[in-house]
Amino acid sequence: MGAGGDARPYGQSKLVKRIRSSDKLRKFGGVKDDLIVLKSIWLNKASGQDHAARLESFYGPQAHAYDRFRSSFLWGRKPLLAACAARLQHHGNDLIWVDLGGGTGENIDLMAEYMPLKRFKAVYVVDLCHSLCEQAKQKVKQKGWKNVHVVEGDACTFQPPEGIATLVTFSYSLSMIPPFHSAIDRAISYLDPNDGFLGVCDFYASGRYDLPCRQLSFLRRFFWRATFDTDNIDIGPERRAYLDHRLSRAWEVNSQGSIPYVPFLRAPYYIWIGQVPQLASIMAETKIEAPSGFPATFLYTMSWEDPRPDMEVLKINNRDEVLTLSSGGCNSLNLLLHGAGHVVSVDCNPAQSALLELKATAIRELEYEDVWAMFGEGRHPHIEHLFDTKLAPFLSQSANHFWQNRLWYFKQGLYYQGGMGGVIWALQTIATFLGMGHSLKRLAYAQTLEEQQAIWNGNWFVHFCKQGNAWLVDIFVRILAVIFLNRFVLW
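Procedures and definitions
Residues numbered from 1 in each chain as written. Predicted model: local features only at pLDDT ≥ 70, side-chain atom pairs only at ≥ 80, totals over all residues. Heavy atoms only, no water. Helix = DSSP H or I, 4+ residues; strand = E, 2+ residues; numbered from the N terminus. Buried < 20%, exposed > 50% of the residue type's maximum accessible area, 1.4 Å probe, protein only. Contact = heavy atoms within 4.5 Å. Areas by Shrake-Rupley, 256 points an atom, 1.4 Å probe, with all protein chains shown as cover. Pairing = 2+ DSSP bridges. Axes fitted to C-alpha atoms, helices over the stretch in contact; angles between N-to-C directions. Parallel < 35°, antiparallel > 145°, perpendicular 65-115°, else oblique. Nonpolar A, V, L, I, M, F, W, Y, C, P; charged D, E, K, R; others polar. Salt bridge = Lys/Arg side-chain N within 4 Å of Asp/Glu carboxyl O.

### A few points about the overall build of the protein chain
Counting its regular elements, the protein chain contains 22 helices and nine strands. The proportion of buried residues among the 491 residues of the protein chain is 44%. Within the protein chain, residue pairs in contact and separated by at least 24 positions form 72% of the contacts whose partners lie at least 6 positions apart. When the accessible surface of the protein chain is summed, it comes to about 27000 Å², and 59% of that surface belongs to carbon and sulfur atoms.

Structural data, given as structure tokens:
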């Protein structure tokens, strides 16, 4: 009977081998599909008598593998959808979305990560390529989307049956529409003039005298435009220039992303959101660079000055326009709390401006609990999701670039980052080593000012600084300053 138990581990090992084997097969199949896509991109050239035929010749052989490959190539899609969803959060539940050049309908699946699809009364996936539309129809059926409609048609002529759309998107499709003026004009014709948004993400090559935040070098402009041109994709600056001409720019970010199986190269892409022209429109963002020798991050996570005496003297009111240093951003926000009509905050370190912008955006867009976790506790367990869905859609390009690679600050603790954060961490470590850790906690959690003063005066280090030999105290303080307040620690 005992031999019967020996079969269980043998059976488990066979199952594990099968699972591992199936994983390997899936990975191999994925690589095989990627190679098919790469073959279509690099070797198969589009051909045909009209644009629909050219799209079919290019996308037909790779339609089944389209989504997997593009998920690690089209880096602007998710930020675009997140930014659009963030701007629609206070709209009703009868939204109309038209995704022009929507391909396989993958954008619909991605949008579900940022807002419930049931809030859309209707979603139209419009594409001129038959093979991609067939993939989209299969996806709609599998997902059970009752409000999603796949339309095989031309973006230059399509109009939703409702006659109006709350959201129109071109996701890596505008560069593949030769008569782009007609496509944009048509989209604007049914875009809601009051609450509608038109969003675009695509690869790009800047103009020679383009906006500073878009500017690329001559070699990059020439290389990327020539490379994409071989696949009938025009990534020149003309399309975005026409968008700027027809609509009011609400938000824009320019960045770059990696290409599967192509090391070292990073393709430039942009995200652009606009509205029907209104009085309010953002100005073009200037290119921001820190002075040479400046640190890559901020020095201060908070301002150390006590603003209360300033407020007593300045007597701030709503007629005041105040110019102040950004630093940690505390003083700038405090001026607003005291009723300043307008506050202009400047700093020669772009990282300090990025910190203040994040604080201001969090106050506007997040619930109190999330703001407190980020800037009260200095840690947030879900900072990546919060940043992608609530914060990044409203940050400037420079702030986006700064924080995308530094969200781990809110995992390790914001107030241990930057120049002074490093000093705080080092001093806390030394205080603990010298046996003062318990005293510091008691000092921080004291209930009254008298209790706090008693704890402070009873500390041996404070007693040494007050009562010790002046010469020894001076030497000790100088040593601490050299160790902790040097450029390498602070910067």
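### Focus: the pairing of strand 6 (residues 248–259)
For strand 6, the buried fraction is high: nine of the 12 residues fall into the buried class. Where strand 6 meets strand 7 (residues 262–275), 11 bridges bridge the pair, whose relative direction is antiparallel. Bridge pairing in strand 7 links Ile 259 to Val 262.

### Details of the packing of helix 12 (residues 350–365) against helix 14 (residues 383–391)
Here helix 12 crosses helix 14 at 75°, and the two axes come no closer than 11 Å. One way to sum up the angle between helix 12 and helix 14 is to call them roughly perpendicular. Here Leu 358, Thr 361, Ala 362 and Glu 365 of helix 12 lie close against helix 14, whose contacting residues are Phe 387, Lys 390 and Leu 391. Split into classes, the residues belonging to the contact of helix 12 with helix 14 amount to four nonpolar, one polar and two charged.

### Structural notes on the pattern of salt bridges
Counted according to the given criterion, the structure contains 15 salt bridges. The closest approach of N and O atoms between Arg 240 and Glu 252, which form a salt bridge, is 2.7 Å. A residue pair is termed long-range when its members are at least 10 positions apart, and Arg 240 in helix 9 (residues 238–246) and Glu 252 in strand 6 qualify at 12 residues. Arg 240 gets classed as buried once you look at its relative accessible area, which sits at 4%. For Glu 252, a relative accessible area of 8% corresponds to the buried category. Within this structure, Asp 210, Arg 214, Arg 240, Asp 244, Arg 249 and Glu 252 form a network of salt bridges that share partners.

Taken by themselves, the reported measurements are silent on function.
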